[in-house]
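Each chain, written out:
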Amino acid sequence: MAAAVVAATTTLQKSPATFHSRSPQTHSTNPPNLSFSGLKLRNLTIKLKTRSRRSGGCSGAKMSDSAPGRYATALADLANSNGTLDATATDLEKINKLFSDESVLNFFISPIVSLENKRELMDDITSSGVLQLHVCNFLNILIESKRINLIKEIVQEFEIVYNRLTETEMAIVTSVVKLEKQHLAQIAKQVQRLTGARNVRIKTVIDESLVAGFTIRYGNGLSKLIDMSVKKQLDDIAAEFEIGDIVIPVS
């Protein structure tokens, strides 16, 4: 149990690589430094409503009819009402990274692990102060209702709702090496110009197969691609001369 707590807390303290370009600039709310144990579910009431995709929730944001969509919209409603929408989005990114570890996910969904042990780990995570109280309570609700297996889908749905509420365009920048902040800022401005979005949020991915350069995916379902990679240029050359894949020897 101790090892699980250390691993979970360490993972949550590492924020994922993201870059925000906002116009006008907004201010994020930092998670409070919480220190307590014995979470009670009555501290948080999540209202799940059955709505169609056309109905408005969360100040007009469309939502999915799926269970993850309803949970995500309920959490977004709560965060939006108490002014912690940005901070909650940051917490969900931390949670997504945490549950990407299969050992953590298996711990919480395992029928062999007692509910008490799961609560103890959540209490320790809460006491560390890396997540807001209402987010920890939300996780407790999922654990109690045995829906924690939906957490990855809930995070994805929350991101969709968040982007709609804040008029944010999501872009994924893939590069061979980590790009500097000023370069990400330039990319964000370019995406903002192309889409007319009020805000642009960038996630970074490292892919050495690109050889050099970078790619940008954005738009509905990340369907639009700007490919500035050397791999793309080599593929174009290969296609033009109708030859096979170009292999670059690595010394």
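Attention in this report is confined to the structure presented alongside it.

What counts, and where the lines are drawn
- Residues numbered from 1 in each chain as written.
- Predicted model: local features only at pLDDT ≥ 70, side-chain atom pairs only at ≥ 80, totals over all residues.
- Heavy atoms only, no water.
- Helix = DSSP H or I, 4+ residues; strand = E, 2+ residues; numbered from the N terminus.
- Buried < 20%, exposed > 50% of the residue type's maximum accessible area, 1.4 Å probe, protein only.
- Contact = heavy atoms within 4.5 Å.
- Areas by Shrake-Rupley, 256 points an atom, 1.4 Å probe, with all protein chains shown as cover.
- Polar contact = N/O pair within 3.5 Å; in protein donor to acceptor, adjacent residues only side chain to side chain.
- Salt bridge = Lys/Arg side-chain N within 4 Å of Asp/Glu carboxyl O.
- Axes fitted to C-alpha atoms, helices over the stretch in contact; angles between N-to-C directions.
- Parallel < 35°, antiparallel > 145°, perpendicular 65-115°, else oblique.
- Nonpolar A, V, L, I, M, F, W, Y, C, P; charged D, E, K, R; others polar.
- Expected span 1.5 Å × (residues − 1).
- Pairing = 2+ DSSP bridges.
- Right-handed = clockwise from strand over helix to strand, strands pointing away.

**Notes on the overall build of the protein**
Secondary structure assignment for the protein yields nine helices and five strands. Per-residue burial for the protein yields a buried fraction of 41% across its 251 residues. Summarising the internal contacts of the protein: among those between residues at least 6 apart in sequence, 70% fall at separations of at least 24. Element-wise, carbon and sulfur atoms account for 51% of the exposed surface of the protein, whose accessible area totals about 14,100 Å².

**Here's the deal with the environment of S110**
Here S110 lies in the loop between α4 (102–109) and α5 (115–128). With relative accessibility at 17%, the residue S110 sits in the buried group. For S110, the side chain forms a polar contact with the main-chain nitrogen of I112, separated by 3.1 Å.

**Some thoughts on the pattern of salt bridges**
For the structure on display, the rule yields four salt bridges. As a salt-bridge pair, E93 and R201 come within 1.6 Å of each other at their nearest N and O atoms. Of this pair, E93 sits in helix α3 (residues 85–98) while R201 is found in strand β3 (residues 199–206), placing the two residues 108 residues apart along the sequence. A relative accessible area of 10% places E93 in the buried class.

**Overview of the packing of α4 against α5**
How two helices pack is summed up by the angle between their axes together with the distance between the axes. Two elements in contact, α4 and α5, have axes whose closest approach is 9 Å; the angle formed by their N-to-C orientations is 130°. Compared by their axis directions, α4 and α5 come out oblique. When α4 is examined against α5, the residues F107, F108 and I109 are found in contact with a partner set consisting of N117, K118, L121 and M122. Grouping the constituent residues of the contact of α4 with α5 by class yields five nonpolar, one polar and one charged.

**Brief notes about the environment of F107**
For F107, the location among the structural elements is in helix α4. Spatially, the C-alpha atom of F107 lies 9.5 Å from that of N117, the residues being ten residues apart in sequence.

**Structural notes on the environment of F138**
Assignment of secondary structure puts F138 in helix α6 (residues 133–144). Judged by its relative accessible area of 1%, F138 is buried.

**Describing unusual backbone geometry**
Excluding glycine, a negative phi dihedral is what most residues carry, and trans is how most peptide bonds are arranged. If you check the backbone angles, K146 has positive phi at about 60° while not being a glycine. For K146, the position within the fold is in the loop between α6 and α7 (151–165). In this structure K146 comes out as exposed when scored by relative accessible area, which is 70%. Phi at V211 takes a positive value of approximately 70°, unusual for a residue other than glycine. The topology assignment puts V211 in the loop between β3 and β4 (214–218). Judged by its relative accessible area of 40%, V211 is partly exposed.

**A short note on the side chain of S229**
Within the secondary structure, S229 is located in the loop between β5 (224–227) and α9 (230–240). Of the polar contacts made by the side chain of S229, one reaches the side chain of D227; its length is 2.6 Å. Among residues more than four places away in sequence, those in contact with S229 are L210, A212, G213, F214 and T215.

**Structural notes on helix α8 (residues 181–195)**
Here α8 spans 21 Å end to end across 15 residues, near enough to the 21 Å set by a 1.5 Å rise per residue. G196 occupies a position one or two residues after α8 and carries a positive phi of about 75°.

**Structural notes on the pairing of β3**
In terms of strand pairing, strand β2 (residues 168–175) meets β3 through eight bridges, oriented parallel. Paired with T174 across the bridge in β3 is V205. The parallel pair β2 and β3, bridged by α8, forms a crossover whose chirality is right-handed.

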